[in-house]
Amino acid sequence: MRSTARTRRSAQAAAAVVSAALALTLTGCGSGDKKSDDTTESSGGKESGATVQLPKLDGQTLEVAAVWTGPEQKNFTKVLDEFEKRTGAKVNFVPTGNNTSTFLGTKIEGGKPPDVAFLPQVGVLHQFADKGWLKPLGADAQAQLDKNFSTGWKDLGAYKGKQYGAYVKAANKSLVWYNTQAFDAAGITRTPKTWKDFVATAQTLSDAGSPAVSIGGADGWTLTDWFENIYLSQAGPEKYDQLAAHKIKWTDPSVKEALTTLAQLWGKDDLIAGGRSGALQTEFPKSVTQTFSGDTPAAMVFEGDFVTANINADTKAKVGTDAKVFPFPAAGAKAPVVSGGDVAVALKGGAGAQALMTFLASTDAAEIWAAQGGVISPNKAMDTATYKDAVTRDIAKALLAAGDDFRFDMSDQAPAAFGGTQGVGEWKDLQDFLKNPKDVAGTQRKLEADAAKAYKNS
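All of these numbers come straight from a predicted model, not from anything done at the bench.

1. Quick word on the overall build of the protein
Item 1. When its secondary structure is counted, the protein shows 21 helices and 12 strands.
Item 2. For the protein, long-range pairs separated by at least 24 residues make up 78% of all intrachain contacts whose partners lie at least 6 apart in sequence.
Item 3. Taken as a whole, the protein presents about 17,000 Å² of accessible surface, with 48% of it coming from carbon and sulfur.

Take a look at the structure:
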């Protein structure tokens, strides 16, 4: 998998910006004012207050596919509802499951692709574009993209000189969310800034009677995010890019160092909610809810800004009061900044798919989505006052302020067979490592064998 030019830029500026912005949230910002959504009439065209022109699509039915379920799906449906009002089209949402590329590949080869799909991996976009499965953006969608997004985010959705996708949903995947009551009960007044302090904080929490860290190990993608943050902080941006492109092997000493560091936490059952076996049976949504609800909630959960969607929907905790956040601790010289996102692509030609791509790239769609909570947008022209809470708003502002200086999720840059498929490749290898954190060398060998095969076949 080739890295884009964007992935080769320095992440150091982003780390400083994000850390500074997130430091503000630690003082206890609560829910911010939520901007009310303007309703529009259901006829096509440009509505009063709207920023984008859309065609009339009365009688047409479109299908959109994405990985989201539960609160994330519900929040995105608000965007589709507004598109339906403005165009007269009907839009059906189809969950893909975790194996998005397999689901879509089967639909495409069967002659029944959705009109628009969201791909969670850059590598999948490249593979699909190479096979001729994607439709380039039309002029209207391209105009919205050019107006509202920085070069780095546009580059992510391009392949071999053509623009196929719009990264309309981003994620800051270098965050640790914590239960303030658990911290208070343990007498912890400062959040950890280094990995050493993080492990020590986990031990203090455990000693005070709280399950220290909740890990959603049943979803292998969460484990890749743990590894990537440790690796970027220790090995640095250049090595990160080399490993992402498989220009160095997974048997490299830098990978050994990162896995050994991870084992300092993963190897201690008493610091993990439910122990390692419990973590391997815990899916991502549960890893969040068991941190902010229940009789003995965990104290911390690591994952991106999208954690707020599960907090808001599935717990009574208030973001900024009961649930706060701090940057992923520095395992090396600097704290890491790893970003992710979902790219919207058109799999069918025609006015309907292009109209939806145009709307998704607009500030109108971005503001509707942001107002629901649990999502941040790389749309630089949107009104950040629409974010549901001040914590998410600060995270989003930090991402925008970083410009193109970030590192994109490593596993999402890899071929799907290695970095994006449940039960195989990196997901499975890191689940096996969580089960047996002492086997660093064996894990490296498995990762390299799986990576070599996937990159060769991509």
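Text resumes after the structure shown.
2. Things to note about the pattern of salt bridges
Item 1. As enumerated under the stated definition, the model contains 14 salt bridges in all.
Item 2. Between D252 and K239 there is a salt bridge; the shortest N-O distance is 3.4 Å. Of the two residues, D252 sits in the loop between helix 10 (237-244) and helix 11 (253-266) while K239 sits in helix 10, which places them 13 residues apart along the sequence.
Item 3. The closest approach of N and O atoms between D241 and R407, which form a salt bridge, is 2.9 Å. Here D241, found in helix 10, pairs with R407, found in strand 12 (residues 407-408); they are 166 residues apart in sequence, far enough to count as distant. The same class applies to D241 and to R407, which are both buried.

3. Section: a positive patch on the surface
Item 1. On the surface, K74, K78, K85, K318 and K388 cluster together into a patch of positive charge.
Item 2. Turning to its location among the elements, K78 is positioned in helix 2 (residues 70-87).
Item 3. Take K78: its relative accessible area is 39%, and that puts it in the partly exposed class.

4. Side note on the confidence of the model for the protein
Item 1. Across the protein, pLDDT averages 89, with 89% of residues at or above 70.
Item 2. Within the model, pLDDT remains below 50 along residues 1-21, and this stretch shows 60 contacts once partners closer than five positions in the same chain are excluded.
Item 3. Long-range and interchain partners of residues 23-46, a stretch whose pLDDT sits below 50, account for 71 contacts in this model, where long-range means more than four residues apart.

5. Some remarks on the nonpolar core
Item 1. Counting residues in each nonpolar core, the largest one holds 84 residues, and the members touching the most others are F76, F83, F118, W153, W177, I311 and L360.
Item 2. At six residues, helix 15 (residues 351-360) tops the list of elements feeding residues into this core.
Item 3. Setting aside residues up to four positions removed in sequence, F76 forms contacts with V64, W68, F93, F118, L360 and W369.
Item 4. Counting 52 residues, the second largest nonpolar core, distinct from the first, contains A202, L205, F227 and F433.

6. Remarks on the pairing of strand 6 (residues 165-172)
Item 1. Taken across its eight residues, strand 6 has eight buried, putting it largely inside the fold.
Item 2. Here strand 6 pairs with strand 11 (residues 338-346) via seven bridges, running antiparallel. From the neighbouring strand, N172 faces strand 11, where its bridge partner is S339.

7. As for the layout of surface pockets
Space left empty within the atom packing is revealed by a probe, the size of a water molecule, rolled over the atoms.
Item 1. Of the volumes computed, that of the largest pocket is approximately 670 Å³.
Item 2. Lining the largest pocket are 32 residues, with V67, W68, E72, N98 and W221 sitting closest to its centre.
Item 3. For the lining of the largest pocket, the elements supplying multiple residues, two or more each, are helix 2, strand 6, helix 9 (220-235), helix 13 (284-292), strand 11 and helix 18 (410-413).

8. Observations regarding the packing of helix 2 against helix 15
Item 1. One can describe the packing of helix 2 onto helix 15 by two numbers: an axis separation of 11 Å at closest approach and a directional angle of 120 degrees. The angle between helix 2 and helix 15 falls in the class oblique. Helix 2 and helix 15 meet at a crossing whose hand is right-handed. Taken together, the residues of helix 15 that come into contact with helix 2 (itself represented by F76, V79, L80, E82, F83 and R86) are G352, A355, L356, F359 and L360.
Item 2. For the contact of helix 2 with helix 15, the residue count by class is eight nonpolar, one polar and two charged.

9. Focus: the environment of A454
Item 1. Looking at the secondary structure, you find A454 in helix 21 (residues 440-457).
Item 2. Relative accessible area serves as the criterion here: at 8%, A454 is assigned to the buried category.
Item 3. Sequence spacing of A454 and P415 is 39 residues, and the spatial spacing of their C-alpha atoms is 6.2 Å.
Item 4. Beyond its immediate chain neighbours, meaning those up to four positions away, A454 contacts P415, A417 and F418.

What counts and what doesn't
Residues numbered from 1 in each chain as written. Predicted model: local features only at pLDDT ≥ 70, side-chain atom pairs only at ≥ 80, totals over all residues. Heavy atoms only, no water. Helix = DSSP H or I, 4+ residues; strand = E, 2+ residues; numbered from the N terminus. Contact = heavy atoms within 4.5 Å. Areas by Shrake-Rupley, 256 points an atom, 1.4 Å probe, with all protein chains shown as cover. Salt bridge = Lys/Arg side-chain N within 4 Å of Asp/Glu carboxyl O. Buried < 20%, exposed > 50% of the residue type's maximum accessible area, 1.4 Å probe, protein only. Patch = residues over 30% accessible without salt bridge, like charges linked within 9 Å, V, L, I, M, F, W, Y side chains within 5 Å. Lys, Arg positive; Asp, Glu negative; His and termini not counted. Charge placed at Lys NZ, Arg CZ, Asp CG, Glu CD. pLDDT = per-residue confidence, 0-100. Core = buried A, V, L, I, M, F, W, Y, C linked by side-chain atoms within 4.5 Å. Pairing = 2+ DSSP bridges. 1 Å grid on protein atoms, 1.4 Å probe; cavity = no way out; pocket = protein on both sides within 12 Å on 5 of 7 lines; lining within 4 Å. Points joined across faces, edges and corners; volume = space filled by probe spheres on them. Axes fitted to C-alpha atoms, helices over the stretch in contact; angles between N-to-C directions. Parallel < 35°, antiparallel > 145°, perpendicular 65-115°, else oblique. Left-handed = near helix turned anticlockwise from the far one by under 90°. Nonpolar A, V, L, I, M, F, W, Y, C, P; charged D, E, K, R; others polar.

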